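# Inside the fold
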Amino acid sequence: MSSRSYRGRHSGRHRAPSRGLRLPRAFGAGFVLPTTAAAALVVTATGASVAESAAPPTFDLNGQQTAMARTQEAADEATSTEIAVRRADAALSSAALQGRAEAQQRAARAAKRKAAQEAKARAEAERRAKKWVRPISVWNVTSNFGWRWGKNHDGMDLGAPTGTPLVAMSKGKVIKAGWEDSFGYKVAILYWDGSVSWYAHMSRIDVAAGQEVLPGEQVGLVGNTGHSFGSHLHLEMQAAPTGDNPLDPVPWLKDHGLW
């Protein structure tokens, strides 16, 4: 077979060579660009349009618009300042109210403490006022209550030197103070529990009728006045503030812890 006849047989089976750009095999139909590279390509292609669209628009204000803008800005600042001042005033007012409330609470607590202390002091003073003490600290019984020299001796005689202080035996009120016949200088005291004492033959009286006395308070001095045969205290206990109903002083003194 000649070469000419061979070319004639195969001439219709071959395509004409393409004159377009041929890509390397690596860039065939199955090739996919990496994500980063693809993004770079997109950004590069559209960068100018995106930049143009992101830029803020600019406006030119005329003089009137500028003045209005400044006025509005000043008004906003004034409003903000007023709000801040009101808040500060409210805070100060709240603090002042709280301070007054706390001061009132402190004053109430102080008043309560003071009232409790005063009540305690009154109770203690009352307790002390109602204690019982001897009319003289040291005595010598020279004559007891009962029959003597043909008649009843209505009290008991407690020998002591003239001038020895005589004191109230408890809280009470002087119902008589002065001279009385055979008793000489005499003081009668009505005590808080209803007891009545008579002190007689005193050399001096230091209280007056109607005067309040406390236990241990001096009312006069031992003496030898009236119908007396030596310096002593005639102590007489009476059943009532009025009348003459004498009681034996010894049981009374024992009942009050003085014997």
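None of the values given here were measured: they were computed from a predicted structure.

## So, the overall build of the protein
- Looking only at helices and strands, the protein has 4 helices and 13 strands in total.
- Counting only residues that meet the buried cut, the protein has 24% of its 259 residues in that class.
- Split by element, the accessible area of the protein, about 18,200 Å² in all, is 57% carbon and sulfur.

## Observations regarding unusual backbone geometry
- Residue aspartate 181 is not a glycine yet carries a positive backbone phi of 40°.
- Note that aspartate 181 resides in the loop between β6 (172-180) and β7 (184-191).
- A positive phi is found at histidine 201, a non-glycine position, where the angle reads about 65°.
- Inspection of the secondary structure assignment puts histidine 201 in strand β8 (residues 196-202).
- For histidine 201, a relative accessible area of 6% translates into the label buried.

## Some thoughts on the sheet that holds strand β11 (residues 218-221)
- Ordered by their spatial adjacency, 3 strands build an open sheet running β5-β11-β9, and the pairing between neighbours is antiparallel. The open sheet has two edge strands with one neighbour each: β5 (165-167) and β9 (204-205).
- Pairing of β9 with β11 involves 2 bridges; the strand directions are antiparallel. Among the inter-strand pairings, isoleucine 205 is bridged to a residue of β11, identified as glycine 220.

## A closer look at the confidence of the model for the protein
- Looking at the protein as a whole, the pLDDT averages 83, with 76% of positions reaching at least 70.
- Considering only residues more than four positions removed or in separate chains, one finds that residues 1-14, a stretch of pLDDT under 50, has 2 contacts.
- A low-confidence stretch, residues 31-51 stays under pLDDT 50, and its non-local contacts, those more than four residues away or across chains, total 3 contacts.

## Let's talk about the nonpolar core
- Counting residues in each nonpolar core, the largest one holds 26 residues, and the members touching the most others are Leu166, Met169, Ile189, Tyr199, Val219 and Leu235.
- Within the residue set of this core, elements represented by two or more residues are β4 (156-159), β7, β8, β12 (232-238) and α4 (249-255).
- Once residues lying within four places of it in the same chain are set aside, the contact partners of leucine 166 are Pro135, Ile136, Tyr199, Met202, Glu217, Gln218, Val219, Gly220, Leu221, Val222 and Leu233.
- Among the nonpolar cores identified, the runner-up in size contains 5 residues, and Phe183, Ala188, Trp198 and Ala200 belong to it.

## Concerning the pattern of salt bridges
- Using the criterion set out here, one finds 9 salt bridges in the structure.
- The salt bridge involving glutamate 124 is made with arginine 128; its shortest N-O contact spans 3.0 Å. Here glutamate 124 and its partner arginine 128 are both found in helix α3 (residues 63-129), 4 residues apart, which amounts to about one turn of the helix.
- Residue classification places glutamate 124 among the partly exposed residues on the basis of a relative accessible area of 28%.
- Measuring nitrogen to oxygen at the nearest pair gives 2.8 Å for the salt bridge that ties arginine 204 to aspartate 206.
- Connected via shared salt-bridge partners are Glu124, Arg127 and Arg128.

Reading the values: rules and limits
Residues numbered from 1 in each chain as written. Predicted model: local features only at pLDDT ≥ 70, side-chain atom pairs only at ≥ 80, totals over all residues. Heavy atoms only, no water. Helix = DSSP H or I, 4+ residues; strand = E, 2+ residues; numbered from the N terminus. Buried < 20%, exposed > 50% of the residue type's maximum accessible area, 1.4 Å probe, protein only. Areas by Shrake-Rupley, 256 points an atom, 1.4 Å probe, with all protein chains shown as cover. Pairing = 2+ DSSP bridges. pLDDT = per-residue confidence, 0-100. Contact = heavy atoms within 4.5 Å. Core = buried A, V, L, I, M, F, W, Y, C linked by side-chain atoms within 4.5 Å. Salt bridge = Lys/Arg side-chain N within 4 Å of Asp/Glu carboxyl O.

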